[in-house]
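Fold and geometry: a report
The residues making up each chain are set out below.
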Amino acid sequence: MNRIKTLLVKLTIPLIVLLCTWHSANIHWGKQWNCIITSDGKGYYSYLPAVFIYHDLNFGFYDTIENKYYDEHLKSDYRAGNGEKTTIDKYFCGVSILQLPFFLGGHAAAKISGVEMDGYSKPYAIALNIGTIFWLMIGLIYLRKLLISFGAGRVKASLVLLTFVFGTNLFFYTIGEPAMSHVYSFALVSIFLVYSKKWIDTFKNKYLLLTFLLLGLITVVRPVNLLIVLWIPFAAGSLQASLSALKALFSKPTFLLLAIFLFLLPVSFQLIIYKLSIGSFFVDAYGAERFYFNKPEVINFLFSYKKGLFVYTPLIFLSLFGLIPLWKQNRFRAIWIFCSLFFIVYVLSCWWMWYYGGSFGMRAMIEFFPVFALLYYFLIDGIKIKSIRIGIISLSFIFVLLCQFQTMQYRYEIIHWSEMTKDSYWHAFLNADFLAKKIHKY
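Read on for an overview of the structure. Predicted model, so just to flag it, every value in this text is computed and none were measured. Here the residue numbering is sequential within each chain, running from 1 through the sequence in written order. Whole-chain, interface and lining totals are the exception, using all residues; otherwise, since this is a predicted model, local features are given only for residues with pLDDT of at least 70 and side-chain atom pairs are given and counted only at 80 or more. With hydrogens and water excluded, all non-hydrogen atoms of the structure serve as input to the side-chain values.

The helix count covers DSSP runs of H or I at least four residues long, the strand count covers runs of E at least two residues long, and both are numbered beginning at the N terminus. In terms of helices and strands, the protein chain carries 23 helices and two strands. In terms of overall dimensions, the protein chain is globule-like: its C-alpha atoms have a radius of gyration of 22 Å, near the 22 Å expected for 442 residues. Considered along the principal axes of its C-alpha atoms, the protein chain spans approximately 65 × 60 × 50 Å. Counting every position in the protein chain, which comprises 442 residues, the buried fraction comes to 54%. By definition, residues are in contact when any of their heavy atoms lie within 4.5 Å. Summarising the internal contacts of the protein chain: among those between residues at least 6 apart in sequence, 76% fall at separations of at least 24. Note on areas: these come from Shrake-Rupley sampling with a 1.4 Å probe, and a residue is covered only by the protein chains present in the view. Here the protein chain displays about 20,400 Å² of accessible surface, and carbon together with sulfur accounts for 67% of that area. Our radius of gyration looks at C-alpha atoms and nothing else; its globule reference is 2.2 Å times the residue count to the power 0.38. Partly exposed describes any residue whose relative accessible area lies between the buried limit of under 20% and the exposed limit of over 50%, with all areas from a 1.4 Å probe on protein chains only and scaled to the type maximum.

Structure, rendered in C-alpha cells:
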C-alpha cells in the first residue's frame, strides 16, 4: 500500500500534465487550433512575431493576420495609438519572454513541415499551448516545494495540487485560453514564494538575487502582480523577523544594487521596446483604461453572479477557513495574510472593468492562487477531527466536480463569457444541454 501511495504521489504532476495535454489536444489541436492565440493572448504573444519575423514593433502586420486566420467573432485589437508610427502593443512583453523557447520550436516545426512561417500558423499555436502546460508544470513543482516547506507531507501536497488545478479556473486557462497571462503568472508567483522564503530563512545572497529577478519578470508579465511582495512579512512569520529581513536587505549594499539591477533587467525590455517603437521609454499604453481607487467593487468582485470569485471558484472561499488553524499557530501570519489578500482584492476591484471582460470566473486572481493553496493546506492539516476533515475533503471534491462541469458549460456558452446575472446563473446551474450538443456533434 505504501508503495502504491508513493507511486501516486510521484505521478501527481505528470498526471496533471497528461490530462491537460489531452484536453488541449482534444479542444484545440484539430480544426480549432486558431482559437489558441486569441483575445488578450494575441497582445501578450505578438512581440515574438513582431521581433523575429516582421521586424515591426508598430505591429503593421496585425490586419493581415487577423483577416487571414480569425473569423469575425475571434477578432480583437491589442494595439494602442492613433497612427502607423505611434501604434504600440498595450499589453506587456513578459509573457512573450516566457513563450520564446516554444515560439522558436513552433518556428522550426513550421519550417520542417512546410507550413507558412508567419508566427500564427498551426505549429506556432500548438507550440504555445505546450508552453502554457510546461509553465503550469513548473508552477506546480514549486507550489509543492512551498507546501512542503510549511510542513506538508507529500500526500497532502499532492491533494492540494490536484484540487487547485481541477477545482479552479486555473485549469480552463491552461487548456481553454492558454495564450493569456494567468498560468505564466501563477508559475512565476509560485517560484517567487519559494525563493523569497528561502532568502528569509537563510539570508543567502543567491536567493535574494533570484527573488528580485523573479519580481522583475512578474512585473513585466502583469505589473499589478507586484503586489505579491506583501507575502514577505508572512514568510518572515513575525514583525520582528520582518524588520530583521529589512535590515539584512540593506546590510549588503553591493548585493542590493545587483538585486535591483536584476529586477530592472526584464522591466527594461519593455522600456526599450517602447523607445524603439515610438521614441519614448515611458508610455501610458492603457490610456483611459485604469484603476479608480475611489470606486472599488469589492462585493461584486467576490460575490456577483457576473464573475464573482467565490461564486465561480468556491474552493477559494473554502480555503479562507485555513485562517482558523493558522490563527492558532501564528496570529501575525493569519492577520497579515488576510489583510494582504483583502488589499489585493481591493486594488484589483478598482480596475475600470472590475470583471475583466470576457472570462470564466475571476481570472485576475489566478496568479495569487498559490497563497490560497497554502491556506487550503493549513485547513486540511489543522483539523484534527477525522470526520470533519473527511467532510471538508468531500466538499472540496464536490467543488472540483462543479468547476469541471462549469468549465464545460463555459466552453459551450451555457455560461456566458460576460453577461451572467442571478437568473441566468441559476438557469444554467447544472444545465447539461451542452452534452446534447456534444453528442449531436459526433
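Quick look at the pattern of salt bridges now. A pairing counts as a salt bridge when a side-chain nitrogen of Lys or Arg comes within 4 Å of a carboxyl oxygen of Asp or Glu. Applying the stated criterion across every chain, the model contains 10 salt bridges. As a salt-bridge pair, D40 and R363 come within 3.4 Å of each other at their nearest N and O atoms. A residue pair is termed long-range when its members are at least 10 positions apart, and D40 in helix α3 (residues 40-45) and R363 in the loop between α19 (331-349) and α20 (369-382) qualify at 323 residues. The pair formed by D40 and R363 is uniform in burial state, with each residue classed as buried.

Throughout, disulfides are identified as pairs of cysteine sulfur atoms within 2.5 Å of each other. Using the criterion set out here, one finds zero disulfides in the structure. With no disulfide of its own, C339 lies closest to C350 among cysteine sulfurs, the gap being 17 Å.

With that settled, the discussion passes to the environment of H416. Looking at the element boundaries, H416 is found in the loop between α21 (386-411) and α22 (422-428). In protein, a polar contact requires one atom able to donate a hydrogen and another able to accept it; more generally it is a pair of N or O atoms within 3.5 Å, and residues adjacent in sequence count only if both atoms are side-chain atoms. In terms of polar contacts, H416 uses its side chain to reach the side chain of W417, at 3.4 Å. A distance of 3.0 Å separates the side chain of H416 from the backbone nitrogen of S418, its partner in a polar contact.

Here we come to a nonpolar patch on the surface. Two joining distances apply to patches: 9 Å for like charges and 5 Å for nonpolar side chains (Val, Leu, Ile, Met, Phe, Trp, Tyr), and every residue must have over 30% relative accessible area and no salt bridge. A surface patch of nonpolar side chains, about 420 Å² in accessible area, is lined by F255, L258, F261, L265 and F269. Within the secondary structure layout, L265 lies in helix α14 (residues 253-278).

As a further point, take α14. A helix is expected to span 1.5 Å multiplied by its residue count minus one. A rise of 1.5 Å per residue sets the reference length of α14, with its 26 residues, at 38 Å; its end C-alpha atoms lie 36 Å apart and thus fit the reference within 8%. The largest bend along α14 measures about 40 degrees and falls at P266. When we look at burial in α14, the residues that qualify are L256, A259, L262, F263, P266, V267, Q270, I273, Y274 and S277. Buried positions along α14 lie against α4 (47-54), β2 (88-89), α11 (205-221) and α13 (239-251). Bend, at a single residue, is the angle you get between axes fitted to the 7 residues ending at that residue and the 7 residues starting at it.

Here the focus is a positive patch on the surface. Charge counting follows a simple rule: Lys and Arg are positive, Asp and Glu are negative, and His as well as the terminal groups are ignored. A single reference atom marks each charge: NZ on Lys, CZ on Arg, CG on Asp, CD on Glu. There is a patch of like positive charges on the surface, built from K10, K145, R154, K198, K204 and K206. Within the secondary structure layout, K206 lies in helix α11.

Take the environment of C35 next. Structurally, C35 is set in the loop between α2 (12-27) and α3. Sequence-distant contacts of C35, that is, excluding residues within four places in its chain, are made with H28, L74 and G176.

Here a Phe, Tyr or Trp ring, Trp counted by its six-membered ring, pairs with any other such ring whose centre lies within 6.5 Å, and the pair is stacked when the planes are under 30 degrees apart, edge-to-face when over 60, and tilted otherwise. Counted by the stated rule, this structure contains 47 aromatic pairs. Ring geometry for F332 versus W336: centroids 6.0 Å apart, planes at 20 degrees, classification stacked. Separated by four residues within a single helix, F332 and W336 lie in helix α19, roughly one turn from each other. With a centroid separation of 5.5 Å and 80 degrees between ring planes, the pair formed by W354 and Y355 is classed as edge-to-face. Through a chain of ring-to-ring contacts, three or more aromatic side chains come together here, namely F172, Y173, Y305, Y312, F360, Y410, Y425, W426 and F429. In this arrangement the basic side chain of K42 is found over the ring face of Y70, its NZ or CZ atom lying 3.8 Å from the centre. Looking at K197, its charged tip hangs above the ring of F150, at a distance of 4.9 Å from the centre. Whether a charge lies above a ring is judged from NZ of Lys or CZ of Arg, which has to be within 6 Å of the ring centre and within 35 degrees of the ring normal.

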